[in-house]
Structure formats: C-alpha cells, structure tokens
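What the coordinates show
Letter by letter, the chains look like this.
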Amino acid sequence: MRQPLTATLCSAALALGISAPVSAAETELPSTMTWSSYDVGSAGYAEASAIADAFGKKYGTRIRIQPSGSAIGRLQPLLSGRADVGFLATETFFAAEGVHDFSTRRWGPQDLRAIAGRPSSIGIFTAADANIKTMADLKGRRFAYVAGNPSINVKCDAFLAFAGLTRDDLEAVMFPTYASAMSSLARNEADASCTTTTPSHVYELAESPRGIRWLEMDPNDTEAWDKLNKVAPFLAPYEETVGAGISEADPVNIVAYRYPVLAVRADASADEVYSMLKALDETYPMYKDATAVMPRWNINLSGVPSIDVPFHDGAIRYLEEKGIWTEDLQAWNDQRTERLNALLQAWPQAVTASEGKSDDEFARIWEHHRQQALNSL
C-alpha cells in the first residue's frame, strides 16, 4: 500500500490540534545507551548527536554514538546487542531483504523494525538542454550510476520502474564515485541521474550552461507507483520545495525515503521502544533547530510510512496514543511485515538447497528463492 507523505502531512497538521492525549507516565530511558550511525561529519551523525544531547539534558541519559563508514559496521553492533538503536540509511532495507552486503551465507534477511525516520527527498534530475521532459524520455539517454553504491542505484532503478523502464532501456554510464557521477551532467558526460535536491553538484548544474530540470512523478499514478514499490517499497510521493531549481513557488513532485532510520531488532522490548519514541517526541523542541532538516523529525512526519522496515509494536503504541496511527498505516505495516516474513522463511530453504555449493551458486539459489517468495505475495 502506497502512503503519500504529502497526504500524511495534511492529516498530521490537522492532528496537531486534535491528537488524543498522551499517557502522562514519566518517560523512562536507560541511564546509558549506545547508538550506531554513519561516520563523524555525516548528516546522520550530526542528527544523532543533537538528539543524544537533548536526551542527556532532559533525562540524564548518557549516550555513546558508535560511528562507522560501512553498512555492516553500522548493523553489526545493533544485531549483536552492542548497540540499542541504529541511526541507519537504506542498508536497513538491504538487510531486511537479504541483498547486496547481506546476501551472503553469513547474513541473509534480518528481522528489523523501525522506530521513526526523517523524510529525505530524492529524484531524477536532468540537464535542461538534454530535452528530457518526462520519465519516458529517459529511454536511450545517458544515465549516470555510481559504482559500488547500491543505496543510490536501487533508487534510480525504482524511478525507471515508475516509467516502465530498466537499465537495459538506457545508456547506463558507471562512474567510480558519487561526486564524479553527480558532476557528469555539467561535464556533458551524462544526461540524467538521481540524487537528493541539495548537493553542491546539482547547484553547479543549475548554474551551468546546460541548466537543470527535475522530472515530475505524478503522486496519483497508482499503476506507476505499484511498479516503483516492487523495487523499493520504502519510497513515497513527496512534494519538495527546497533545492537546485526548486522553490516554494516552483515545487517538484518527486519521492522521499528515510535517512536516518531509527532501527531496532524485532525482539527489542516494546516498552523500551515506546519510551525511545516518546523521548524523541518530547525533546523535539530542544533539537529541531540543530540543522536545517531537523524539523522533519516532527513525529507527524517521521512516525509514518513509507519506511524501510515495519514499525515496531512499541512505536505503534505511542503513535496510536498520539492519534497519528490510522487503519491505512496499519494496513501498510501489515503488508510490509508479510513481505519481510516471506523472506525470512525463504532464507533457510535457500541455505539448505545450496549445501556444498560455491558462493556464486549460493547467490543464484538465494535470488531464485527470494524472487519466489516475493512473487507469492
């Protein structure tokens, strides 16, 4: 089920004045916590630090942030119990799906749940002089991908699916780094790519002789969104008003994903998750001005689907008390949980079927079982 963030924003704004009263029970947090996050200097680390500082001031909780530059480095502490919460990105989805870094025998699908996640917009941008005006116009054009960066590339592939396209329909150009891929349009080495709306590279393109255009994605095109969500069910429609070539007067309909995602293991205590989200909500006034995007941690925005994994029951309990959680959101969560459970059940079957076989053979067997599980839904 698709849950447009724009629609959620409207209902959430109304709910601000009519939400059900929250339990008056005092928020109970551990005296110490450990959170994993992206490296020092990243947006995720900065946001985790701001929230940790607010928790310390309000509740006296001492929080250690454990940074890592790799997806496995951020997930391992959470899965082993050395971290209480992960401030993660799209590796949350990859881990739950058992793909990319998590497709090896050592890993497989991980049973994760979300507490909350800030919306972050992303879309397809093109050089204005390339005369690409619709998603369908991408066919046969030069599209920049980033080598070894599945987090970006899977979103690009999802956008193509929205238009009924795949990489085979394009001239896919692989660049060695994110920076080289994003700046390739200004150098006239590509015609389109996908990214967030505020990196320096897109502003440089907007100011270059080529100019910039963001491709619109109709939030009401149910058929197209169904195609996109088969590739990336954590994406949702989003109207962006900030970015290169974008403004309040000239917004663009693209999509939002969640970064950072506050993730926990499925077996995390419901009471502890409830308290974590309650604390995140109660301290919002203390950290909301820490960075330009921190206002998007408002629970009416960060506490609703779509997101990389199902919401934890403890989070849902608090969202219900706030009057935010609806039947439609529960339907989305049930569907997302069904997908995750299907993959968790398929994994041991693939492991058994691949006994004594090479790693390459195992990868093919797992992908076969994975697709069978998804096709059964």
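Residues numbered from 1 in each chain as written. Predicted model: local features only at pLDDT ≥ 70, side-chain atom pairs only at ≥ 80, totals over all residues. Heavy atoms only, no water.

On to the overall build of the protein chain, then. Broken down by element type, the protein chain carries 14 helices and ten strands. Here the C-alpha atoms of the protein chain give a radius of gyration of 21 Å, agreeing with the 21 Å that 2.2 N^0.38 yields for 377 residues. Looking at the 377 residues of the protein chain, the share that counts as buried comes to 54%. Expressed as a percentage of contacts within the protein chain between residues at least 6 apart in sequence, the contacts between residues at least 24 apart total 74%. Looking at the protein chain as shown, the accessible area adds up to about 15800 Å², and 49% of this sits on carbon and sulfur atoms. Of the side-chain charges in the protein chain, 34 are positive and 48 negative, and the distance between the mean point of each set is 3 Å. (Helix = DSSP H or I, 4+ residues; strand = E, 2+ residues; numbered from the N terminus. Rg over C-alpha atoms; globule rule 2.2 N^0.38 Å. Buried < 20%, exposed > 50% of the residue type's maximum accessible area, 1.4 Å probe, protein only. Contact = heavy atoms within 4.5 Å. Areas by Shrake-Rupley, 256 points an atom, 1.4 Å probe, with all protein chains shown as cover. Lys, Arg positive; Asp, Glu negative; His and termini not counted. Charge placed at Lys NZ, Arg CZ, Asp CG, Glu CD.)

Right, let's talk about the environment of Ala-266 for a bit. Turning to its location among the elements, Ala-266 is positioned in the loop between strand 10 (252-265) and helix 9 (270-282). Linking Ala-266 and Gln-110, residues 156 residues apart in sequence, is a C-alpha distance of 9.0 Å. Those residues within four positions of Ala-266 in sequence are excluded, and the remaining contacts are Asp-111, Leu-112, Arg-113 and His-312.

Okay, the environment of Asp-84 next. In this structure, Asp-84 sits in the loop between helix 3 (71-80) and strand 3 (85-88). Exposure remark for Asp-84: the relative accessible area of 37% places this residue in the partly exposed category. The spatial distance from the C-alpha of Asp-84 to the C-alpha of Val-273 is 9.7 Å, given a sequence separation of 189 residues. Residue contacts for Asp-84: discarding those within four places in its chain leaves Met-33, Thr-34, Leu-78 and Val-264.

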